[in-house]
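Below are the chains, spelled out letter by letter.
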2 protein chains.
Amino acid sequence: MRDVSLILEEVLPALRPDGAERERIMGLAEGLMKRLGEEVLGSGLDIEVRLEGSVAKGTWIRGEADLDIFLRFPRGIDRETFRKKALEIGKGVLREHRPYERYSEHPYVEAVVDGVVVDIVPCYRVEPGDWLSSTDRTPYHTQYVIERLGEREKDEVRLLKRFLKANGLYGADAKVRGFSGMLCETLILKYGSFASLLEGASAWGRPEIIDVEGHYSGREGEAGELFREPLIVIDPVDRNRNLASALSEENLWRFVALARAFLEEPSRDFFFPREAILGPRELGAELARRGSCLAILAFGRADAVVDVVWSQLRKSEAALRRALEREGFKVYRASAWTDEEYMSAIAFELEAGELPPLELHMGPPVLKGADSERFLRKHRGAEDTVGEPWVRGDRWAVEKLRRLRRVEDALEEFVKGGGGALGIPKRIADAIERGHEILINDRASSLLEGNPKFGKFLADFLSGWPRARGGLGLGR
Amino acid sequence: MRDVSLILEEVLPALRPDGAERERIMGLAEGLMKRLGEEVLGSGLDIEVRLEGSVAKGTWIRGEADLDIFLRFPRGIDRETFRKKALEIGKGVLREHRPYERYSEHPYVEAVVDGVVVDIVPCYRVEPGDWLSSTDRTPYHTQYVIERLGEREKDEVRLLKRFLKANGLYGADAKVRGFSGMLCETLILKYGSFASLLEGASAWGRPEIIDVEGHYSGREGEAGELFREPLIVIDPVDRNRNLASALSEENLWRFVALARAFLEEPSRDFFFPREAILGPRELGAELARRGSCLAILAFGRADAVVDVVWSQLRKSEAALRRALEREGFKVYRASAWTDEEYMSAIAFELEAGELPPLELHMGPPVLKGADSERFLRKHRGAEDTVGEPWVRGDRWAVEKLRRLRRVEDALEEFVKGGGGALGIPKRIADAIERGHEILINDRASSLLEGNPKFGKFLADFLSGWPRARGGLGLGR
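Owing to the predicted nature of the structure, the values given are computational and were not obtained by experimental measurement.

(A) Structural view of the sheet that holds strand E4 (residues 107–113) of chain B. Residue and element names in this part refer to chain B. Here we have five strands laid out as an open sheet, ordered E1-E2-E5-E4-E3, and mixed in their pairing. Among the strands making up the open sheet, the edge pair consists of strand E1 (48–52) and strand E3 (100–103). Strand after strand, the sheet turns through a mean of 30° between neighbouring axes, direction not considered. As judged from the nine bridges shared by strand E2 (residues 66–74) and strand E5 (residues 116–125), these two strands associate in the parallel manner.

Written as structure tokens, this is what we have:
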């Protein structure tokens, strides 16, 4: 553990905002809140303007502050007015900063002001448990954390957030499916320190139930039945909510693996990884070295708010993966990506890009007469049947010609008309239909030309692990 | 059913031995039994000479008689004397006909006399249930059948036997793993006729229990627990024996499928199929048409009695099939063959003869710390690991280079030193070690040159169905 604390001591100073930054961020927050207060006054509604999130809690990382300013509406306001007014006020205040809409359960406004991402988010003023919208809990979260986190714990939260960011695990949005800020703070409250959390996570069970407020004291089984996720962190302000519900199973176990790797061989690289970017001339060599097949479906920007785009991209990735597997392709990895402006891509690494001409199709047990008859009627003499059905063990078998042998043909067929029939959601299907390319192996080099963002995605994709380097089993 | 009886009436006359044949066969049997009686007298032992089997029961097919003559020893004779004396007497009587040894549970003598296969088989004279050797039941079988089968039923047995022979399902030996004569006769006793048997078999369950003597009356469940085979035909003279125990599961369902096919479209071809023989110049075209891969391991004669050879060939086929599947090859069919004189072969039809360079290897759940550590220690940086292990879902995954990509390399490796380590039995391993060839696709043509027996095997193998032609889903 001596090594661990040394590394953490070395990393921490780089994460703590200095006085000047604190002053600048708080000044920015106060200025925006003042202008929001004026707009609210003009609206004639009883809306409370509040600073929330990591700046309010003092847990932001140096140089990485986001401002979350909440407009807390009285509960009498109908949903439509709530949405409209919030967007109107937010856009009004941020109008000089090219504001855009974002979306979680309801829309909100975002803009970048002096290099700081500013979110203006509506919620209702309600009592705990009486939630009208998913953001209503946030003011209670902020208050809860402020009352409990000392300066030392705030540093521990910063270590955790940086560790997660460096490894692509920070954020509960559809893009990352990782750890939210409140989840980080709650985990530090539970374990006391970053290092203790890693020790604990190394031995997490399935499910692991964390309940700092003891909402389920003596009835932990109840929590295990109520929530189906492998990590269950009971929201301190809402016993019916799992703070880790947005965390994907894969990302949970990546975190556990990272925790063990860091404890075994602690290194600064876990916080500040060297970035890998695949260039157009490196791709061919990398693929030749591996021997697997890379297939990329590339298309333009999908026309929706960024959160919807990411969520639909993930669903499209899953739908295409399932369809490829149904055709007999072995998919090693799949991932989706967009620069959120011009380009989207779904990438697959496959055991092979071309399948053998035949596939064995197993039929019903010979035992079942009616099923056997149906099977024989269907396959005997069919154009794609090779030879005749035969008895294999206790069942019928038949050799069929594969319809889709090459991954490019399969993908092209899947996305015909956008791929809606396959389960590709509307915005992505529309974008695919407007134009797409399917690139196999080093033909994907063309996408890397002058596109370091995509080069970084592809490097992460092929290394199998986003960004982390120094760790055990987690770099390239 | 009208069609069915027409076909059977047309087929039957060709199956019934005529008076001249009966006379010739009975004359041959009497002559041999007389000489055996003289030999027995000389031996000073109280051995009974008996005619058994299809000739004794009058159920043989015209032109296909086998003579089974039993030497029934008193139970006091020790096993060693029993074996030695039987071979001595049998070989003595058959000495002008080049006798050879065969083997089921114990050795016996066989020779071809005037075109008729003659078996001289020892057994003990014991009371039912008190069996000392597996052939002791035969005299009781013969007596049981003679007392119950009328002339009409004998014809029905002939139809069944010919139907089975034509489709490679007659014989309980290791070569065929099909229906014994006694099983055929018992089935006809149960169903009354060949056509009724086919009707019944079309709807056989799993297990199907047939108990003509009612040994398990009212306790059929007991029989289902005692025997694990899918078809259970209680031996009328031994409630502890299943007459169908040598029938392979695949052959059972082939019979059921054949029964349905015949009833649906009855044809003479089910009894007298046109034979297919693959010639050296036809193989290439056949393989090109299919698109699968044919792999043949060919070697010389195995040095053992023919029953042992077939049994060990089947075991070798299964061992090699399992080994191929373990390496990732998809085996559609496998079969073994020997001409019992010069050549042996094990044939595989595979989805593809060459596998992709990589394979995905799934590791333990990340949850299990000690297992994960072992997995990572083993695979990180190993020579055959591509890239690094990564987390897939809740488990570790790693891409490995395949060691054996081509089926010829795999088979060559499996049979190194004969393949004993893999489970290839001794006599076959010895034969393989004396010399073997591995032939892929049309390179197997060389084996077909001037070898119609092998050509017939290969035609049956690739059609997936031995011999049957006219039937539904069962020919080529």
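(B) Region of the structure containing helix H15 (residues 426–434) of chain B. Residues and elements named next belong to chain B. For H15, the set of buried residues is Ile 428, Ala 429, Ala 431 and Ile 432. Seen along its axis, H15 keeps its buried residues to an arc of 160°; they face one direction. Relative to its buried face, H15 has exposed residues pointing more than 90 degrees away, namely Lys 426, Glu 433 and Arg 434. Its buried side turned inward, H15 meets strand E9 (293–300), helix H12 (306–326) and strand E15 (436–440). Gly 435 lies just past H15 and shows a positive phi near 155°.

(C) Fine view of the relation of the copies chain A and chain B. Once turned by 180° and shifted 0.0 Å along the axis, chain A lies on chain B with an RMSD of 0.1 Å. Both chain copies can therefore be described as sitting about a two-fold axis. In terms of proximity to the rotation axis, the leading residue of chain A is Leu355(A), whose C-alpha is 4.9 Å off the axis. Most of the interface of chain A is mirrored in chain B, where 100% of its interface residues are also at the interface.

(D) Broad picture of the sheet that holds strand E12 (residues 358–365) of chain B. All names here are of chain B. One open sheet accounts for three strands, arranged E12-E14-E13; its pairing is antiparallel. Looking at the sheet topology across the chains shown, the edges are occupied by E12 and strand E13 (385–392). Across the sheet, the mean angle from the axis of one strand to that of its neighbour is 25°, orientation sign disregarded. Strand direction decides the pairing type here: E12 and strand E14 (residues 395–401), joined by six bridges, are antiparallel. Looking across to E14, one finds that Glu 359 is bridged to Lys 400.

(E) Just the packing of aromatic side chains, in detail. Residues and elements named next belong to chain A. For the structure on display, the rule yields 36 aromatic pairs over all chains. Both rings, one in Phe 262 and one in Phe 270, keep their centres 5.2 Å apart while their planes meet at 85°; by these two values the pair is edge-to-face. For the pair Phe 262 and Phe 270, a shared accessibility class is recorded, and that class is buried. Each residue in the set Phe 163, Phe 179, Phe 194, Trp 204, Phe 255, Phe 262, Phe 270 and Phe 271 is aromatic and connected to the rest through ring pairs, giving one cluster. The ring of Tyr 216 has Arg 239 lying over it, and the distance from NZ or CZ to the ring centre is 4.4 Å.

(F) How the structure looks around the pairing of E3(B). Residue and element names in this part refer to chain B. Pairing of E3 with E4, which is carried by four bridges, proceeds in the antiparallel orientation. Opposite Tyr 103, over in E4, you have Pro 107 as the bridge partner. Hairpin connection, E3 to E4: the antiparallel pair is bridged by three residues.

(G) The pattern of salt bridges, seen in detail. Using the criterion set out here, one finds 110 salt bridges over all chains in the structure. Two residues, Glu52(B) and Arg50(B), come together in a salt bridge whose shortest N-O distance is 2.6 Å. Overall, the relative accessible area of 0% leaves Glu52(B) in the buried class. Arg380(B) is the salt-bridge partner of Glu388(B), the closest N and O atoms lying 2.8 Å from each other. Taking the relative accessible area as the measure of exposure, Glu388(B) reaches 12% and is therefore buried. Connected via shared salt-bridge partners are Asp46(A), Glu48(A), Arg50(A), Glu52(A), Arg72(A) and Arg125(A).

Conventions and cut-offs
Residues numbered from 1 in each chain as written. Chains lettered and ligands numbered in written order. Predicted model: local features only at pLDDT ≥ 70, side-chain atom pairs only at ≥ 80, totals over all residues. Heavy atoms only, no water. Pairing = 2+ DSSP bridges. Helix = DSSP H or I, 4+ residues; strand = E, 2+ residues; numbered from the N terminus. Axes fitted to C-alpha atoms, helices over the stretch in contact; angles between N-to-C directions. Buried < 20%, exposed > 50% of the residue type's maximum accessible area, 1.4 Å probe, protein only. Arc of directions from axis to C-beta. Contact = heavy atoms within 4.5 Å. Least-squares fit on C-alpha atoms with pLDDT ≥ 70 in both. Phe/Tyr/Trp six-rings, centres within 6.5 Å; stacked < 30°, edge-to-face > 60°. Lys NZ or Arg CZ within 6 Å of the ring centre and 35° of its normal. Salt bridge = Lys/Arg side-chain N within 4 Å of Asp/Glu carboxyl O.

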